[in-house]
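Tertiary structure, described
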Amino acid sequence: MKLRDWQEELLPKVVSGLRSRKLVALSAPTGSGKTMLVLSASLELGLPVSVFVRSKSQFQPWLRDAARVAGERRVTLLIGQGESCRLGGGELSSPAPCDVCKVNRPLQADPPAAASVSGPTEFVRSLHRAAARADACPYRTMLAWSSDAWLLVASYPYLTSPLARKSIEDRLSGSLVVVDEAHNLDSAAEEHVLTGRMLDGARRQSRSPESKAIIGALADLVSESQDWREVDKPLELAGHADRLREESSELYANMAKGERVHDNYLQLVSDFLSALPEVRFKLYTGYGGLRLIDPDPAPVLSVLSSPPAVILMSATLPPAQYVQRVWGIERDVVYLDARPGWGRRIEVMPPPRGLTTKYERRGGDMWSRYADALEDIWESAGGSVLAVFPSYSVMEEVASRLGSLPIFMEDRRARADALEEELRRGRRLVLAVARGKLVEGVEFRDVEGSSLISDVVLVGVPYRQPDAVEEERTRRISSRAGLGESERWRLLQLLPAWQAVAQAVGRAVRGESDRARVWPLDERYANAWWMARLESISNY
């Protein structure tokens, strides 16, 4: 397939950067053809390509373009062990019991050719059907295929989790490693999470009073507060991890005998307790759960310093200095900022006076004024309106003051496909949170491929929320990178807020013919720094 002019121009630069073992950072608008350019570079280099995406919705473009570029080449996906377990129905959130499973073997078959794969859903269904007929394991099959396939597409944990990455380390050492939607690496961190539901499940699965007491002690630490608060680590519980692991193994063995697998919450609690003594992990409670985390992204992202060829790609990629200092990737960077020449697609409206989500000016009157502004924008919009808020609490305050508009409001269980169905039924006012599910890599298009969003409203400035986890993240990055006060503000607040803005705007312009209006509803956008960046997205 013939490349576009801008792709032809950039291809030699991408290949040259990769051959010199530099990290290539590729920033280009959504829909411009980054995927095609990267696949072409892998063919030029003669390397297989290993792609890592944030969500399963991002599998499709890679499979589609692989069929166009090299339809005869072999491809595979690699989804989670729990999701691909035949005996668990593809619904496990805990590890599958592979060690005691009688079907723990791969299919004796080659990976499919790119041209024969219609999409990720059909790939998984077809794999499960074939595995059932041969009494084999879909997960083991994908692992086996990952050794031979030209294109591997996997979710982020196979790159960022040391345990998951171990299964494909040999491949990574000899392939072009690509991180799609790489701005999401900002949230990369090694962590262990236990929700109240998981702890309740573990208590039901435990057999001994001792195990129930251990789980109960963890449950007592859980807070329902809508922020993260640091708590002292109960290190005295860590020594009981082996006890829970024994019960977990017995539970797995019984599951395998019955040929029906369900979540093993005891295993999740055991893993959590095993990680407690590690000094780099801090323990936080909130949102109905516990979070054990090292919030500095550098230890996780150090993996990107070693493969022979690495590409980070996104429409909202941070600058090279951010990649090296905040993410801690110790590699020279070739930064390619591509603009395909689509012309002016976005009209940025002037920031208003008197509207802001600054903490000291929050209150009922401000929320009512925001609601009035949203209703006015709705009346003038030609399509659906996406309003992006800095937090759930601000969104809920404004939403409670809106009139009888057709609203779709994000919550923590929101599904992007549910919103897509709503938008196709008619215009909606979509209320979403910056960096949430509805503004990250989601496609809202009609059957002809045009965007269903005509207006994007920025309700406030989406600075990172100042909770305990964020404060620790700031402290660790600043100490490691030697950031002064002004650098800390620019790198850890201004630039992430700008990325969140650009990502939100990208929901409305998904292709060359899309047009949108952007409404920066906060007087802080009127300063020179923000005005320059808002102007830059006019040709986004």
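Residues numbered from 1 in each chain as written. Predicted model: local features only at pLDDT ≥ 70, side-chain atom pairs only at ≥ 80, totals over all residues. Heavy atoms only, no water.

The helix and strand tally for the chain stands at 21 helices and 17 strands. For 540 residues, the compact-globule formula gives about 24 Å, and the C-alpha radius of gyration of the chain, at 24 Å, lands near that figure. Along the first, second and third principal axes, the C-alpha atoms of the chain reach 65 × 55 × 50 Å. Out of the 540 residues in the chain, the part that is buried amounts to 56%. (Helix = DSSP H or I, 4+ residues; strand = E, 2+ residues; numbered from the N terminus. Rg over C-alpha atoms; globule rule 2.2 N^0.38 Å. Buried < 20%, exposed > 50% of the residue type's maximum accessible area, 1.4 Å probe, protein only.)

Once that is clear, we can look at the packing of aromatic side chains. Applying the stated criterion across every chain, the model contains seven aromatic pairs. Taken together, a centroid distance of 5.8 Å and an interplanar angle of 85° make the contact between Tyr322 and Trp327 edge-to-face. Take Tyr322: its relative accessible area is 0%, and that puts it in the buried class. Assessed through its relative accessible area of 0%, Trp327 is described here as buried. Taking NZ or CZ as reference, Arg280 lies 4.6 Å from the ring centre of Phe281, over its face. When the ring centre of Trp378 is taken as reference, the NZ or CZ atom of Arg427 above it lies at 3.8 Å. (Phe/Tyr/Trp six-rings, centres within 6.5 Å; stacked < 30°, edge-to-face > 60°. Lys NZ or Arg CZ within 6 Å of the ring centre and 35° of its normal.)

Let's shift gears to helix 10 (residues 196-205). Taken together, the buried positions of helix 10 are occupied by Met198, Leu199, Gly201, Ala202 and Gln205. Angularly, the buried residues of helix 10 cover 160° about the axis, an arc narrow enough to put them on a single face. Facing away from the buried side of helix 10 by more than 90 degrees, the exposed set consists of Arg197 and Arg204. (Arc of directions from axis to C-beta.)

Let's shift gears to the nonpolar core. Within the largest apolar cluster, 83 residues are counted, with the highest numbers of intra-cluster contacts made by Trp62, Leu151, Leu304, Ile311 and Leu312. Broken down by element, this core gets its largest block of residues, six residues, from helix 1 (residues 5-19). Discounting residues that sit within four places of it in the chain, Leu312 has contacts with Leu23, Val24, Ala25, Leu26, Val179, Ala182, Leu185, Leu304, Leu317, Val323, Trp327 and Ile329. One finds Phe408, Leu458, Ala497 and Ala500 within the second-largest nonpolar core, a separate group that totals 33 residues. (Core = buried A, V, L, I, M, F, W, Y, C linked by side-chain atoms within 4.5 Å. Contact = heavy atoms within 4.5 Å.)

Okay, the pairing of strand 8 (residues 282-286) next. Within strand 8, four of the five residues are buried, which leaves the element mostly enclosed by the surrounding structure. Across three bridges, strand 7 (residues 229-231) lies against strand 8 in antiparallel orientation. Bridge assignment links Val231 to a residue of strand 8, and that residue is Leu283. The sheet contact formed by strand 8 and strand 9 (residues 289-294) spans five bridges and is antiparallel. Note that in strand 9 the partner of Tyr284 across the bridge is Arg291. (Pairing = 2+ DSSP bridges.)

Moving on to the packing of helix 11 (residues 209-219) against helix 13 (residues 265-275). Interaxial distance between helix 11 and helix 13 falls to 12 Å at its minimum, and their mutual angle equals 70°. In this view, helix 11 runs roughly perpendicular relative to helix 13, as classed from their interaxial angle. As for the relative orientation of helix 11 and helix 13, their crossing is left-handed in sense. Contact residues: Ile214, Ile215 and Leu218 in helix 11; Leu266, Val269, Phe272 and Leu273 in helix 13. When grouped by side-chain class, the residues that make up the contact of helix 11 with helix 13 number seven nonpolar, no polar and no charged. (Axes fitted to C-alpha atoms, helices over the stretch in contact; angles between N-to-C directions. Parallel < 35°, antiparallel > 145°, perpendicular 65-115°, else oblique. Left-handed = near helix turned anticlockwise from the far one by under 90°. Nonpolar A, V, L, I, M, F, W, Y, C, P; charged D, E, K, R; others polar.)

What follows concerns the pattern of salt bridges. Within this structure, the stated rule accounts for 31 salt bridges. Notably, a salt bridge pairs Glu250 with Arg207, separated by 2.6 Å at the nearest N-O pair. Here the residue Glu250 occupies a position in helix 12 (residues 241-258), and Arg207 occupies one in the loop between helix 10 and helix 11, the gap between them amounting to 43 residues. What makes Arg207 exposed here is its relative accessible area of 52%. (Salt bridge = Lys/Arg side-chain N within 4 Å of Asp/Glu carboxyl O.)

A few words on the side chain of Thr357. Relative to the assigned elements, Thr357 resides in the loop between strand 12 (346-348) and helix 16 (364-380). Within the structure, Thr357 has its side chain in polar contact with the side chain of Arg524 (distance 3.1 Å). Every residue in contact with Thr357, bar those within four places of it in the chain, is listed here: Arg362, Trp367, Tyr370, Pro390, Val394, Val459, Gly460, Val461, Asp522 and Arg524. (Polar contact = N/O pair within 3.5 Å; in protein donor to acceptor, adjacent residues only side chain to side chain.)

Attention now goes to the sheet that holds strand 16 (residues 453-459). With parallel pairing, the six strands of this open sheet are ordered in space as 12-17-16-13-15-14. At either margin of the open sheet sits one strand with a lone partner, and together these are strand 12 and strand 14 (407-409). Strand-to-strand twist of the sheet, defined as the mean angle between neighbouring strand axes without regard to direction, takes the value 20°. Examined bridge by bridge, strand 14 and strand 15 (residues 429-433) share three bridges and lie parallel to one another. Bridging from a neighbouring strand, Met409 pairs with Leu431 of strand 15.

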